[in-house]
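Descriptive analysis of the structure
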Amino acid sequence: MAGLATTFGSGAMTNAINEIEDAEVILVIGSNTTEAHPQVARRMLNAVDKGAKLIVIDPRRTRLAECATLHLALAPGTDIPLLNAMMRVILDESLADQLFIDMRTENFAALRAMLYRLDLAELEAVTGVLLEDIRRAAQLYARARRSVVCYCLGITQHICGTANVQSIANLAMLTGHVEKQFTGVDPLRGQNNVQGACDMGALPNVFPGYQAVDNRDYREKFERVWQTRLPAAPGLSLLDMTHSGACGPMRAMFIMGENPLRSDPSLDRVEETLTSLAFLAVSDIFLTETAAHAHVVFPAASFAEKTGTFTNTERRVQLVRQAIPPIGDCRTDADIIIALSGRLGYAMAYESTAEIMEEIALLAPIYAGIRHDRLRHSWGLQWPCWNTAHPGTPFLHKYYFTRGKGHFVPNDHLPPAELPCQDFPFLLNSGRIYHHYHTGSMTRQSALLNRECGEALLMIHPADAARLKVRGGDRLCMASRRGAVEIKAEITDQVAAGSVYTNFHFGETPINRLTIAAQDPVAQCPEFKVCAVRLEKL
Amino acid sequence: MRHVLTTCVYCGCGCGVYLREENGRVTGASPSRNHPVSRGNLCVKGWHLHDFIHSPKRLTTPLMRKNGELVPVSWDAALDYTAQELGRIGASTNGQGIGVLSSAKCTNEENFLLQKFSRAVLKTNNIDHCARL
């Protein structure tokens, strides 16, 4: 999100999901959309049925890539050189939108200077994509009137994740594909309410509504409403906390509905941190791997047992309605926080969750017009929603960017932190599958979903399998510099030779024991998508 | 039997979904036909949205570690001990020794309250969630 924040001023999807259906060209980069965002993929395929061109940039031949007009199977971690090459082609062939650049953006000279220094033949070699294909993708994207870029964690989970996103924003601004309906840059958010958790300021550096904690005016506003002093220095990010280790600053943690002992990279380090804490409290609906390490575990109510709101990837704030009372002795997370706060001498008194939303609206201008009453009689409201008469905002950056002018940030190639070598000759990539969700704590409870897909499989190319004398279904030991797991092989040419791919949903095959903790310095997103491993047949 | 319109809890698409409630149990899930995202469709996870709600593995009572084992305790015991420990460690480290992880699975209201609790009560900005994972 930091990438879009520095270029456009707002880190969120610029379009509504349904707008994708009417795009002329859809460029999908670093997103396995059919598996991770089925409804978005449905819009993409509908658009293809209507004649749209689909360009998929992904190291693997995903299902979506099989439906694409053009699939660019780039070498993992070479998104920047590929995007730069596309932009260079656009300049060389005079396909840039000069009027848009002049009127709506700044710092174009720096981008142009950087692009003219590049050697296209060199970029072709680095990315492993034929220049002819790069040229065709650039022409398709630039010439269409309505072009959309969709990206996901395949872009952000790299040490250069912020620069990757900035490069996508550069491409969109260079061609003027931002300001209009059916045209834009769409980061697809993974979890149901990851957009909302960010909006609400569950981040170390901002209050609700992306208001910086180290800005005195914002801080004083929150201090006035909350009637207490607030800390000014930005806090530690997730990995700085879970990877701080036995000698780090963390003494106690409170974890609500997360399972870092499966979701974070380099799990041995996370385990060291959690076991060394003087106190760990976890609130969850299941006894997750993380909860099993806690001193206190709170049984939380599930989404069916409470009211509130979620904000989806297109910034649509929607109601969650209670279907049943909390089961057993469960309580909602809101009740747990309110009870703890009261015991620590700070009373939080709310009649209902609707009243909490009123406080959010008071403090976060982008939510100022959102009330439960309005959501009850609509299909939700897309922020920014500036007042109670405002209809919400389906697409962003009409007439002006959130930050004023769009800012070009030129970027150079930064290779991944750990590439294959003699001892660890394979490149491991990981991601999601259609039938399961994140660390599997919910979907693994479903007999049917488990029947469809009950274990992790390691995709391996037939040439590599033949060399290792591995057949489909054989068990392998896969090891990185950080740890090892046992896993079953699936032989497929969807992955390139030298690369392997699997999913991280399965507690019994904790892939994140292997992944690397190297992270993007700005967004602090770990490089889940590239690490080096070796394989041995068991 | 009732059908309660709510929002799916899996991915960021945010489908409108009806939960079927019978005698206090959620027994099914079906898509909203008019909702702008679901438009009468759900993915396989959405159709099985109700499966985990009544799982026998759900936590139903607070647990506290005693002699190395997690054992059931009352809500008051769990809340009192947690408040005491967070207060003690927060005070001795000026808030810097406490880390809080919020959740992209919880509601906006709960995320709002947890960051307010971290900043206003525990006096720390050490709050984050798995946005990047």
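Quick caveat: nothing in here was measured; it's all calculated off a predicted structure.

Bringing the confidence of the model for chain B into the picture now. All names here are of chain B. Here chain B averages 95 in pLDDT, while 99% of its residues score no lower than 70. Looking over chain B, one finds the lowest element-wise mean pLDDT in helix α1 (residues 44-47), namely 93, and the highest in helix α3 (residues 108-121), namely 98. With a pTM of 0.91, the predicted complex shows an ipTM of 0.97.

Time to look at the interface of chain A and chain B. The figure often quoted for interface size is the accessible area lost as the parts come together. The interface of chain A with chain B comprises 114 residues on the first partner and 90 residues on the second. Taken together, the residues that form the side of chain A that touches chain B break down as 69 nonpolar, 32 polar and 13 charged. The pairing of strand β9 (residues 252-256) of chain A with strand β6 (residues 98-101) of chain B spans four bridges and is parallel. Considered in β6 of chain B, the bridge of Ala252 of chain A is made with Ile98 of chain B.

What follows covers the pairing of strand β12 (residues 308-311) of chain A. Residue and element names in this part refer to chain A. Residues Gly308 and Phe310 line one face of β12 and the alternating positions Thr309 and Thr311 line the opposite face, and both faces are buried. Direction of pairing for β12 relative to strand β13 (residues 316-320): antiparallel, over a ladder of four bridges. Counterpart to Thr309 in the pairing with β13 is Leu319. In this structure, the hairpin formed by β12 and β13 is closed by a connection of four residues, where Arg315 is found at a positive phi of approximately 70°.

Another point: the domain arrangement of chain A. Residue and element names in this part refer to chain A. One can read the domain layout of chain A as domain 1 (2-188), domain 2 (194-235 + 300-382), domain 3 (244-255 + 266-299) and domain 4 (426-537). The C-alpha centroid of domain 4 is placed 27 Å from the C-alpha centroid of domain 1. Counting residues at the interface gives 18 residues for domain 1 and 22 residues for domain 4. If you list the elements that add at least two residues to the side of domain 1 that touches domain 4, you get α2 (33-36), α10 (153-156) and α11 (161-174). By residue class, the composition of the side of domain 1 that touches domain 4 is seven nonpolar, eight polar and three charged.

About the cut-offs
- Residues numbered from 1 in each chain as written.
- Chains lettered and ligands numbered in written order.
- Predicted model: local features only at pLDDT ≥ 70, side-chain atom pairs only at ≥ 80, totals over all residues.
- pLDDT = per-residue confidence, 0-100.
- Helix = DSSP H or I, 4+ residues; strand = E, 2+ residues; numbered from the N terminus.
- Contact = placed C-beta atoms within 7 Å.
- Nonpolar A, V, L, I, M, F, W, Y, C, P; charged D, E, K, R; others polar.
- Pairing = 2+ DSSP bridges.
- Buried ≥ 20, exposed ≤ 12 C-beta atoms within 10 Å, placed from the backbone.
- Domains from an automatic or database assignment.

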